[in-house]
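Next come the chains, spelled out residue by residue.
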Amino acid sequence: MAGGGPHGRTERRSPGELESEVLTALWSTERPLTPAEIQLEIGGGLAYNTVHTILKRLYDKGLVLREVDGRRGAYRPAKDAAELTAQAMRDALDRGPDPIAVLRRFVTGLSPEEEHALRELLARGPA
């Protein structure tokens, strides 16, 4: 739980928000981080056990890799942010009944800069 709400109550993070915060902390460095280092990076009064539980869930999903150094485990992301986002987009397209309609809707919401980048990528062809 994080942040103080009205009447002194704490507000809950939305589902997946803690996982995103942990991944962001891992993406912000070139080296694996221990749960204690991640706890400091995220802040917000999270308990060490909470961070450890999130890391276990991410590990079970294949989103982080664990490196053991003596008794301490350190974690690093299995994929960079762009890879993970691209996979999520691909998964979303595969779930829907009409992926072309989804792509049309997606493209109409792009900023001019994003549209320009997409046009350049499509003109170059597969990498």
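The structure presented is a predicted model; accordingly, all values stated were derived computationally and were not measured.

### Points about the side chain of E19
In step 1: As for its position among the elements, E19 is in helix α1 (residues 17-27).
In step 2: On the basis of relative accessible area, E19 is assigned to the buried category, the value being 15%.
In step 3: Setting aside residues no more than four positions away along its own chain, E19 makes contact with I54, R57, L58 and K61.

### Some points on the pattern of salt bridges
In step 1: Taken as a whole and assessed by the stated rule, the structure comprises six salt bridges.
In step 2: The closest approach of N and O atoms between K61 and E19, which form a salt bridge, is 2.9 Å. Of this pair, K61 sits in the loop between α3 (48-60) and β3 (64-69) while E19 sits in helix α1, placing them 42 residues apart in sequence.
In step 3: The exposed category is assigned to K61, whose relative accessible area is 51%.
In step 4: R119 serves as the salt-bridge partner of E115, at 2.8 Å between the closest nitrogen and oxygen. Of this pair, E115 and R119 both sit in helix α6 (residues 112-124), separated by four residues, roughly a single helical turn.

### Some thoughts on the side chain of T34
In step 1: The residue T34 is located in the loop between α1 and α2 (35-42) in this model.
In step 2: Taking the relative accessible area as the measure of exposure, T34 reaches 7% and is therefore buried.
In step 3: Excluding residues that lie within four positions of it along the chain, T34 makes contacts with R72, G73 and A74.

### Re the pairing of strand β4 (residues 72-77)
In step 1: Both β3 and β4 contribute to a ladder of six bridges, which runs antiparallel. The residue bridging D69 from the neighbouring strand is R72, located in β4.

### A closer look at the environment of R119
In step 1: A relative accessible area of 56% places R119 in the exposed class.
In step 2: A polar atom in the side chain of R119 sits 2.8 Å from the side chain of E115.

### Observations concerning the packing of α1 against α3
In step 1: It is the contact of α1 with α3, at a shortest axis distance of 10 Å, that shows an interaxial angle of 85°. Our classification of the angle between α1 and α3 gives roughly perpendicular. Residues L18, E19, V22, L23 and L26 of α1 form the contact with α3, whose participating residues are T50, I54, L55, R57 and L58.
In step 2: Of the residues that constitute the contact of α1 with α3, the class distribution is seven nonpolar, one polar and two charged.

Rules and cut-offs
Residues numbered from 1 in each chain as written. Predicted model: local features only at pLDDT ≥ 70, side-chain atom pairs only at ≥ 80, totals over all residues. Heavy atoms only, no water. Helix = DSSP H or I, 4+ residues; strand = E, 2+ residues; numbered from the N terminus. Buried < 20%, exposed > 50% of the residue type's maximum accessible area, 1.4 Å probe, protein only. Contact = heavy atoms within 4.5 Å. Salt bridge = Lys/Arg side-chain N within 4 Å of Asp/Glu carboxyl O. Pairing = 2+ DSSP bridges. Polar contact = N/O pair within 3.5 Å; in protein donor to acceptor, adjacent residues only side chain to side chain. Axes fitted to C-alpha atoms, helices over the stretch in contact; angles between N-to-C directions. Parallel < 35°, antiparallel > 145°, perpendicular 65-115°, else oblique. Nonpolar A, V, L, I, M, F, W, Y, C, P; charged D, E, K, R; others polar.

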